[in-house]
Amino acid sequence: MMQIPVSALIGGGLIGVSAILLLLFNGRIAGISGILNAALDPEETEGGWRLLFLSGLILGAGAYVWIRPDANPTPVAMPLWLLGIAGFLVGFGTRMGSGCTSGHGVCGLGRFSFRSLVATLVFMATGIATVLVVRHITGVV
């Protein structure tokens, strides 16, 4: 019998509700890369809510692990330099694609954006190909 991941369903629902509320009350898209980029911009005048939003992501994850210590993720046994390269490539890709998975995948698809549909399909195909290469061909992880 298949087990339903209740925490994932609740988390996904909360992400959707928060994206709707941010768009409704602030008129802003909940794209994390755009929020982070603007929060780090010294000339940005709306940095306060952005820092609170980003803090909520970190504190929310921390609170979940504190409440459910058994849900701690397994550490990834990967060299730090490889994680650094991966982080750089993700950042480069979000700039090149004019947004990240949250901006395109959650908010863009919810607004029926064709550009976001194409971006999300590329994100998914690239992720699938990366797992195939890293885990099944090179055997790194």
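A brief report on the enclosed structure follows. (Residues numbered from 1 in each chain as written. Predicted model: local features only at pLDDT ≥ 70, side-chain atom pairs only at ≥ 80, totals over all residues. Heavy atoms only, no water.)

## Some words on the environment of Gly93
Phase 1: Position of Gly93 relative to the elements: it lies in helix H4 (residues 80-96).
Phase 2: Distance from Gly93 to Phe123, taken between C-alpha atoms, is 9.4 Å for residues 30 residues apart in sequence. (Helix = DSSP H or I, 4+ residues; strand = E, 2+ residues; numbered from the N terminus.)

## Concerning the packing of aromatic side chains
Phase 1: Considering all chains together, one arrives at one aromatic pair under this definition.
Phase 2: Note on Phe88 and Phe92: the rings are 6.4 Å apart at their centroids and 20° apart in plane angle, and the pair reads as stacked. Of this pair, Phe88 and Phe92 both sit in helix H4, four residues apart, which is roughly one turn of that helix.
Phase 3: Among the residues examined, Phe88 registers a relative accessible area of 58% and is labelled exposed. (Phe/Tyr/Trp six-rings, centres within 6.5 Å; stacked < 30°, edge-to-face > 60°. Buried < 20%, exposed > 50% of the residue type's maximum accessible area, 1.4 Å probe, protein only.)

## Some thoughts on the nonpolar core
Most often, soluble globular proteins have nonpolar side chains that are buried together.
Phase 1: Listed in full, the nine residues of the largest apolar core are Ala19, Leu22, Ala30, Ile35, Ala39, Trp49, Phe53, Leu54 and Cys107.
Phase 2: Counting only elements with at least two residues in this core, the list comes to helix H1 (6-26), helix H2 (32-39) and helix H3 (47-67).
Phase 3: The element contributing the most residues to this core is H3, with three residues.
Phase 4: When sequence neighbours within four positions are dropped, the list of residues in contact with Trp49 reads Leu22, Asn26, Arg28 and Ile35. (Core = buried A, V, L, I, M, F, W, Y, C linked by side-chain atoms within 4.5 Å. Contact = heavy atoms within 4.5 Å.)

Distances and angles like these do not, on their own, reveal function.
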